[in-house]
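A closer look at the structure
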Amino acid sequence: MLNVTVEGTKISVKEGTALEELAKRFQRPGAPVILLAYTGEKLRELHHTIDEDCDIRFVTNEEQTGYMTYKRTVNFVFLKACEEVLGEGCTNRITMNYSIGNSTFCEFSLVDLKVDDDLARKIQNKMRELVRQDLKIKKISYNTFEARKRFAQQGMKEKVRLFRFRRVSRTNVYSLDGYENYFYGYMAPSTGYIQDFYVDAYQGGIVLQIPRRDHLHSVSRFTPQPKLFHVMQRSRSWSKLMRVDTVGALNEEITNGDINNLILVQEALQEKLLADIASKIVDDGKKVVLIAGPSSSGKTTFSHRLAIQLQIDGLTPHPISLDDYFLDRELSPRDEEGNYNFETIASLDLELFNEDINCLLAGKQVQLPTYNFVSGKREYKGNYKKIGPDDVLVIEGIHGLNGMLSSEISEEDKYKIYVSALSQINIDEHNRIPSSDGRLLRRIVRDARHRGTDAKTTIGRWESVRRGEELNIFPYQEEADIMFNSAQIYELAVLKQYAEPLLFQISPGCPEYQESKRLLKFLDYFLSVKSEDIPKTSLLREFIGGSCFET
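So, a few notes on the structure that sits alongside this text.

The rules behind these values
Residues numbered from 1 in each chain as written. Predicted model: local features only at pLDDT ≥ 70, side-chain atom pairs only at ≥ 80, totals over all residues. Heavy atoms only, no water. Axes fitted to C-alpha atoms, helices over the stretch in contact; angles between N-to-C directions. Helix = DSSP H or I, 4+ residues; strand = E, 2+ residues; numbered from the N terminus. Parallel < 35°, antiparallel > 145°, perpendicular 65-115°, else oblique. Left-handed = near helix turned anticlockwise from the far one by under 90°. Contact = heavy atoms within 4.5 Å. Nonpolar A, V, L, I, M, F, W, Y, C, P; charged D, E, K, R; others polar. Phe/Tyr/Trp six-rings, centres within 6.5 Å; stacked < 30°, edge-to-face > 60°. Buried < 20%, exposed > 50% of the residue type's maximum accessible area, 1.4 Å probe, protein only. Core = buried A, V, L, I, M, F, W, Y, C linked by side-chain atoms within 4.5 Å. Pairing = 2+ DSSP bridges.

1. Quick word on the packing of helix α2 (residues 64-86) against helix α3 (residues 117-133)
- Between α2 and α3, the least distance of the axes is 8 Å, while the angle of their chain directions is 115°. By the angle between their directions, the pair α2 and α3 is classed as roughly perpendicular. At the point where α2 passes α3, the crossing takes the right-handed sense. The residues of α3 that touch α2, namely those facing V74, V77, F78, K80, A81, C82, E84, V85 and L86, are L119, K122, I123, K126, M127 and L130.
- Here the contact of α2 with α3 is composed, by residue class, of 11 nonpolar, no polar and four charged.

This is the structure:
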């Protein structure tokens, strides 16, 4: 018998006992679903068996790692259901493109297939049937060469491409009732673990929905976000046009020596989009440009480059940071733990902001404040500003799209821009690259280079940053007049060389270790691209250094 401690309770178990058996004993009715477990410092799937004394901590879908396992399992069951409804091999023509809220948009490229509500119901019903059967999900380890051969036989061409560049000798493949597929990350032990999901038809594709992490017991039905959907579709269409829409395709571009051309074309595209935005601002006679976006979306460089385009069109831009309108620290609101909450719009002096902007628009001279982050006080240092008929205010801050911020400013004067780094490529047909992963890697590199913050600290803060975005940024993104995607097809291949040494510094035993290990495994899919060929005006320079702008 082995002695193990499960969630603080000491018990004896037989050697070879599966973690799933213990999870069922400790699963409370109505509680978040146990999907994984730590044995000591190692994260395990529930099919793993215990062969030594250890401490066990269960991971539920309330935690990010467990939530992504739930989502991944839903995706696997969805693809299996599609094979059952549409026929064997159909999933080679299905791409899981990107997330919109708690939904994943899936694109079907099957000839003569009508993707409508009727098809969505058939797929959902088949998924429900698979869940009721509680079918085992098996993990099979293949030699990587053999795995590539099997993928080729199954017509999974993007997985063949991807594994051409894999250095590991063996590859884990998941099997569900005879249907095999490769997934980046962990999986639940059986289909019965996923109870809540919904399938809808939308814009010629399918949206696969699961519960939000903060509301796990029901699925919030899909709410269309047409502006976000449009910019994602445009970005994906462009990457397909360039024939670089997966990691395998990007790696081939690198090995073929064509990466410099891709960099130049990508940078030229972003410059064209910036020029179009500037022309729209001029043509519409806008005087106040409000820029918002989540962390590490490249807002600072975007603002600088937009300012140049505005100058080309004959306007004089005046940058204003919303951070300078923070309330004095002692007046700032606090969160539930008693800490100052600088993420909420209530931390800004909205009355003063609206008064200053309206005075400037009226042609009056205004002394603008500067916030001292050391003293926690707003200061006045003679920063007087007065704008003329050809001047425009460019205002950057996380609350830029929130109507409360500029409620006293005329809508006719405002132009709202949402900037975010939305992934343009996938790992393969069925494995997405979450946009938040790209932003986290950007932030890890930037924080270490420019702020003296190690990767452990950045990862530790990331959950809080993401909560702030969910509350203060994402709900207002559809208020934007236009969205700008700052992600670049090649950027993860550049960030890799900067991020890997920082992630390797995180020691086993740290709470952030598992996330660092996941990111390192993720980066291993990419070949490296040297940074010398990245233009000094590139948005990526804001994170890796060498920008010609003050960032």
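2. Concerning the packing of aromatic side chains
- Tallied over the full model, the rule gives 20 aromatic pairs.
- A centroid spacing of 5.9 Å and a plane angle of 40° characterise the contact between F76 and Y179, whose relative ring orientation is tilted. Pair noted here: F76 is in helix α2 and Y179 is in strand β10 (residues 179-181), with a separation of 103 residues, a long-range link. Summarising the burial analysis for this pair, F76 and Y179 share the class buried.
- Residues F163 and Y182 carry aromatic rings whose centres are separated by 4.8 Å and whose planes lie at 90° to one another, so their mutual orientation is edge-to-face. Separated by 19 residues along the polypeptide, F163 in helix α5 (residues 157-163) and Y182 in the loop between β10 and β11 (198-202) bring together distant segments of the chain.

3. A short note on the nonpolar core
- Counting 108 residues, the largest nonpolar core has I56, F78, M127, L250, L503 and F522 as its most contacted members.
- In terms of residue count, the dominant contributor to this core is α2 (nine residues).
- Leave out the neighbours within four places in its chain, and L503 touches L441, I444, A455, I459, S516, L519, L520 and L523.
- Counting 20 residues, the second-largest nonpolar core is a separate cluster that includes I345, L360, I387 and L405.

4. Here's the deal with the pairing of strand β12 (residues 205-209)
- The element β12 is extensively covered by neighbouring structure, given that five of its five residues are classed as buried.
- Side chains G205, V207 and Q209 of β12 all project onto a buried face; the interleaved residues I206 and L208 project onto the opposite face, where all are buried too.
- Bridge count between β11 and β12: five bridges; the pairing is antiparallel. Counterpart to D200 in the pairing with β12 is V207.
- The turn linking β11 back onto β12 is made up of two residues, and Q203 within it adopts a positive phi angle of 50°.

5. Re the sheet that holds strand β1 (residues 2-6)
- Strands sit in the order β2-β1-β5-β3-β4 across an open sheet of five strands; the sheet is mixed. Of all strands in the sheet, those with a lone pairing partner are β2 (9-13) and β4 (42-45), marking the two edges. Sheet twist, expressed as the average angle between the axes of neighbouring strands with direction ignored, equals 35°.
- The pairing of β1 with strand β5 (residues 54-60) spans three bridges and is classified as parallel. What sits directly across from V4, in β5, is C54.
- Across the sheet, α2 touches β3 (34-39), β4 and β5, and the angle it forms with β3 is around 135°.

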